[in-house]
Amino acid sequence: MAPAIEAKNLVKNYVTWERKGFIKRTRKIVQALRGVSFTVEKGEVFGLLGPNGAGKTTTVKIITTLLLPDDGEARVLGYDVVSEAEKVREVIGVTLSVEKGFFWKLTGRENLKYFGMLRGLKGSYLNERIEYVLGLVGLKELGAADKLYEEYSLGMKARLALARALLHDPPVLILDEPTIGLDPASARTIRELLVKLARSGDKTVLITTHNMFEAELICDHVAIIDKGKIIAYGTVEELKRKAADRVSLELIVSIPKNMLNGLEEKIVALTGLREVALEAIESGRTRIRIVARPGEEEYVIEKMLEWLYSNNMKVHQVRIKEPSLEDVFIILTKGGSRGG
Amino acid sequence: MGVKSTDILRAGFFGMIAWLKNNRWLLFSMIIWPYLTAFLLIALGMIYGSFETYKERLNIANPILYILAGSGIVMSSLFIIDTVATNALYHRWLGTLPYLMLTPTKMYKVLVLEPLPGALLSSTMGILAVLPGAVYFEGLLGAGKLLIVLLLVYMGMLPLIGLSIIVASITLVLREESNVAAFLTPLILLVSSVFYPIDVLPKVLQYMSRIFPTSYIVEATRMVATYSIPEFRALFIVAYALLALTLFYNGVASIALSGSEKMVKKSGVI
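Residues numbered from 1 in each chain as written. Chains lettered and ligands numbered in written order. Predicted model: local features only at pLDDT ≥ 70, side-chain atom pairs only at ≥ 80, totals over all residues. Heavy atoms only, no water.

### Focus: the domain arrangement of chain A
Each assigned domain of chain A is listed with its residue range as follows: domain 1 (42-56 + 88-240) and domain 2 (245-322). One C-alpha centre belongs to domain 1 of chain A, the other to domain 2 of chain A; they are set 34 Å apart. (Domains from an automatic or database assignment.)

So this is what it looks like as structure tokens:
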């Protein structure tokens, strides 16, 4: 039995032109994918994780037939994405961006009707599917089905994007960052729905995300992609074992805006550890995550607190945690400080 | 499942109707546009000369109706160019282009068929908007003449669609900021001969006018407006010219669009 999605050694280079002066331009080759391979089994939620510019969207575009690979091959339910592109498009539901992709002056229901017609759905079946998906994603409940798209909040837009992907009842869903920018409640609704669809047994879901918490919560298997290469692949638990010999330090700090620039490099220099990540959270606070080896944590915390206080930064919380998928991600994408 | 051409046309038609229903001001502006243009041209024209001079130079009986019908034709032609040629660009701005391309059929089929109902509908509206004016000046005969003009516009649509697809292909391959139709629109206005005789233009523009279908439709309209019974033989010549342009533009368009599909999918500009 063919897997739901199979990518074998995908290679993609982009040609860009860098302007040098008014007329002169130089040609630049950007290697977006450098031999990406992975398999997604039927009925699972698969997460393709990676930082910005890692190659996630390029992979998705190739799998969804929107982009031709330079080398390698990809199949969806056994159909080749290049030679059998039309068959592939029949069996996939796609969301590429949750904040656009609809007609602003049409209502949610009208937009779905338009895209349903474009897929060959018609008559009462189309109307039934529209009602069903509007209910499934909660837009009916929110009273937004007959509102103009221009009046939608980002959460509603994300729900409508998912509704469109589900409209023709495809067996495979391919969703590029389906919860990016959403408020926690909307993101949770989308996540729960994706898990429900996959667990019901008739849908396979591939999502790309850089939200490790989300991946940990819903994905059966994950692949981490960085600089166009898959650098880790397995279940969430398998990947977490890669960081079993580490501890994770988390500091929640209020940092003045002018200090944020180059902060990561400063922390690396201060602690001697390269596995550092910053994340802006609510109320202007910043979460600093540092992955260390057992025994190093006290020294690192002491150094950090000393530096933060000397720069008049307010520390709200300090925690030492078990490594999470996010820590694995930090270790793998930053290359590891000491042989990690 | 499979997607038929009629499915794409139905979707395009539904999208256009829903869009007009939710944009009533746009609908209103489409109706009054020929009248506003005609008013402006007549007001400007009066500064330079009388109606009599205009009648003599263009050999027409009713300058107001002629300008009104001409504005409708130009508006309809521009609608077609605008709807078909800038369709890909419009969808790219909206972010709907990838979803159009995800339709399980050939990309060129979607890009050609999807805007057609909108183009047809808006060009029909452009001409029908002139109907009250035509009835006012010439009664039922005016309405009949306008019907012939509408048929000519439909005939002229065929080469215009080909031309628009060529423009769409170029627009699709180039980056977002390149809108080829923006260069084409004023050129069509200039050489259409609707507002002034073509022989007052420089020679190079006169030759250029021969490759734009709009010029032939306007010429045919002048024949319809000049004689109470249209000179059918002359209209046939116009029809042959439009047919030749249809074959030429649509032939080039099919090559251009399949080439641009490959380039777009290779370069990833979607």
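### As for the nonpolar core
Formed by 160 residues in total, the largest nonpolar core has its most connected members in I5, F38, I92 and L206 of chain A. The element contributing the most residues to this core is helix α9 (residues 131-173) of chain B, with 14 residues. Leave out the neighbours within four places in its chain, and F38 of chain A touches I5, E6, A7, F46, L48, T59, I63, L206, I230 and Y233 of chain A. Counting 20 residues, the second largest nonpolar core, distinct from the first, contains L249, M259, I290 and W307 of chain A. (Core = buried A, V, L, I, M, F, W, Y, C linked by side-chain atoms within 4.5 Å. Buried < 20%, exposed > 50% of the residue type's maximum accessible area, 1.4 Å probe, protein only. Helix = DSSP H or I, 4+ residues; strand = E, 2+ residues; numbered from the N terminus. Contact = heavy atoms within 4.5 Å.)

### Re the interface of chain A and chain B
On the side of chain B, 39 residues touch chain A, which itself brings 37 residues to the contact. Across the chain A to chain B interface the summed buried area is about 3,400 Å²; carbon plus sulfur atoms make up 60%. Along the contact surface separating chain A from chain B lie 3 salt bridges. One salt bridge in this structure joins E86 of chain A and K106 of chain B, with 3.0 Å as the shortest N-O distance. The tally of links between chain A and chain B comes to 12 residue pairs in polar contact (both at pLDDT 80 or more). Only β1 (5-19), α2 (85-91), β6 (92-95) and α3 (108-118) of chain A provide two or more residues apiece to the side of chain A that touches chain B. In terms of residue class, the side of chain A that touches chain B is built from 17 nonpolar, 7 polar and 13 charged. (Buried area = accessible area lost by both parts, 1.4 Å probe. Salt bridge = Lys/Arg side-chain N within 4 Å of Asp/Glu carboxyl O. Polar contact = N/O pair within 3.5 Å; in protein donor to acceptor, adjacent residues only side chain to side chain. Nonpolar A, V, L, I, M, F, W, Y, C, P; charged D, E, K, R; others polar.)

### Notes on the pairing of strand β12 (residues 276-280) of chain A
Residue and element names in this part refer to chain A. Note that β12 and strand β13 (residues 285-292) share 5 bridges and pair antiparallel. Paired with A280 across the two strands is T286, which belongs to β13. Adjacent in sequence and paired antiparallel, β12 and β13 are bridged by 4 residues, among which S283 carries a positive phi angle near 55°. (Pairing = 2+ DSSP bridges.)

### Topic: a positive patch on the surface
Residues and elements named next belong to chain A. A contiguous patch of positive charge, built from R34, K227, K229 and R274, is present on the exposed surface. Turning to its location among the elements, R34 is positioned in strand β2 (residues 25-40). Classification of R34 as partly exposed rests on a relative accessible area of 35%. (Patch = residues over 30% accessible without salt bridge, like charges linked within 9 Å, V, L, I, M, F, W, Y side chains within 5 Å. Areas by Shrake-Rupley, 256 points an atom, 1.4 Å probe, with all protein chains shown as cover. Lys, Arg positive; Asp, Glu negative; His and termini not counted. Charge placed at Lys NZ, Arg CZ, Asp CG, Glu CD.)

### Topic: the sheet that holds strand β8 (residues 204-209) of chain A
Residue and element names in this part refer to chain A. What the 6 strands build is an open sheet, ordered β6-β7-β8-β3-β9-β10; its pairing is mixed. The sheet terminates laterally at β6 and β10 (229-235), the two strands that pair on one side only. When strand polarity is set aside, the average angle formed by the axes of neighbouring strands in this sheet is 15°. Where β6 meets strand β7 (residues 172-176), 4 bridges bridge the pair, whose relative direction is parallel. By the bridge assignment, V94 is partnered in β7 with I174. Here helix α1 (residues 56-63) sits on the sheet in contact with β3 (45-49), β7, β8 and β9 (221-226), set at roughly 150° to β8. (Axes fitted to C-alpha atoms, helices over the stretch in contact; angles between N-to-C directions.)

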